[in-house]
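For reference, the chains in residue letters:
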Amino acid sequence: MNVPPEPAPATDDVDAIVAAWHRERPDLDLTPLHVLSRVTRLARRLDLARREAFSAVALEPWEFDVLSALRRAGRPYRLSPGQLVEATLVTSGTMTNRVDRLQERGLVRRLPSPTDRRGVLVELTREGAQTVDGALTALLEKERGLLTGLPAADQAQLADALRALSTAIDPR
């Protein structure tokens, strides 16, 4: 009785990179490349997909980051610049520039802080909320498309593994 052969496992660019390094440096344990080189390559592809999704609503990825932090804050969609810095992992100088640019576009406004006479709050405008909501819809559609080749159970398992790695690297 003939048994069909097992299908060969799928290979990707990282397999070729690791094989080449193994040939050149057989003395090294290349295990990290199997995971983190794939994460890096996927991050590049995801960045391109996000840029494409956001271009449909005329946003840059950094604009989405700021607007979505405000939107996720809930009504009245306000955060201090410090909270925005923490949420988006940029410097305060960078955030000042970003808020300036978003305010020029009418997507956010600055309000005086009710608790600190020197402080301000950044608030999402109605146009900003509509823009970020449209961007999120476009992003989810694009990201769903990227994941179509991975069954739901595998997506959940991968999310769990990436969460474990993320918390090990940045335990906060």
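The shown structure was predicted, so the numbers you read here are calculated from the model rather than taken from an experiment.

Caption draft 1: Main features of the pairing of strand β3 (residues 120–124). For β3, a buried count of four out of five residues is recorded, marking the element as mostly surrounded by other parts of the structure. Pairing between strand β1 (residues 78–79) and β3: two bridges, direction antiparallel. Directly across from Leu79, in β3, lies its bridge partner Val122. In this structure, strand β2 (residues 108–112) lies alongside β3, joined through five bridges in antiparallel fashion. Following the sheet pairing, Arg110 is matched in β3 by Val122.

Caption draft 2: Main features of the pattern of salt bridges. By the definition in use, this model includes 15 salt bridges. Taking the shortest distance from any N to any O, the salt bridge between Glu143 and Arg50 comes out at 3.0 Å. Placement of the pair is Glu143 in helix α6 (residues 126–146) and Arg50 in helix α2 (residues 31–55), with a sequence separation of 93 residues. Glu143 gets classed as buried once you look at its relative accessible area, which sits at 19%. Across the pair Glu123 and Arg78 runs a salt bridge whose closest N-O atoms are separated by 2.5 Å. Within this pair, whereas Glu123 is found in strand β3, its partner Arg78 is found in strand β1, the two being separated by 45 residues in sequence. Classification of Glu123 by relative accessible area gives buried; the value is 7%. Three or more residues are tied together by salt bridges with common partners; here these are Asp12, Asp15 and Arg38.

Caption draft 3: The arrangement of the UniProt feature "domain: HTH marR-type" (unreviewed entry) in the chain in detail. The UniProt feature table records "domain: HTH marR-type" (unreviewed entry) at residues 32–167. Within residues 32–167, the helical portion is 69% and the strand portion 9%, while the C-alpha atoms at the span's ends are 17 Å from each other.

Caption draft 4: Focus on a nonpolar patch on the surface. A contiguous nonpolar patch, built from Val35, Leu36, Val39, Leu158, Leu162, Leu165 and Ile169 and spanning about 570 Å² of accessible area, is present on the exposed surface. Listed by contribution, the elements that provide at least two residues to the nonpolar patch are α2 and α7 (152–169). Structurally, Leu165 is set in helix α7.

Caption draft 5: Summary view of the sheet that holds β2. Taken in spatial order, the three strands make up an open sheet running β1-β3-β2, and their pairing is antiparallel. Sheet topology places β1 and β2 at the edges, where each strand pairs with a single neighbour. Packing of helix α3 (residues 61–72) onto the sheet brings it into contact with β1, β2 and β3, and relative to β3 it is tilted by some 95°.

Caption draft 6: Helix α4 (residues 81–88), seen in detail. All buried positions along α4 are accounted for by Leu84, Val85 and Thr88. Down the axis of α4, the smallest arc covering the buried residues is 105°, so these residues share one side. Residues of α4 that are buried make contact with α3, β1, α5 (92–104) and β3.

Calculation criteria
- Residues numbered from 1 in each chain as written.
- Predicted model: local features only at pLDDT ≥ 70, side-chain atom pairs only at ≥ 80, totals over all residues.
- Heavy atoms only, no water.
- Buried < 20%, exposed > 50% of the residue type's maximum accessible area, 1.4 Å probe, protein only.
- Helix = DSSP H or I, 4+ residues; strand = E, 2+ residues; numbered from the N terminus.
- Pairing = 2+ DSSP bridges.
- Salt bridge = Lys/Arg side-chain N within 4 Å of Asp/Glu carboxyl O.
- UniProt positions renumbered as here; feature names shortened; annotations may be inferred.
- Patch = residues over 30% accessible without salt bridge, like charges linked within 9 Å, V, L, I, M, F, W, Y side chains within 5 Å.
- Areas by Shrake-Rupley, 256 points an atom, 1.4 Å probe, with all protein chains shown as cover.
- Contact = heavy atoms within 4.5 Å.
- Axes fitted to C-alpha atoms, helices over the stretch in contact; angles between N-to-C directions.
- Arc of directions from axis to C-beta.

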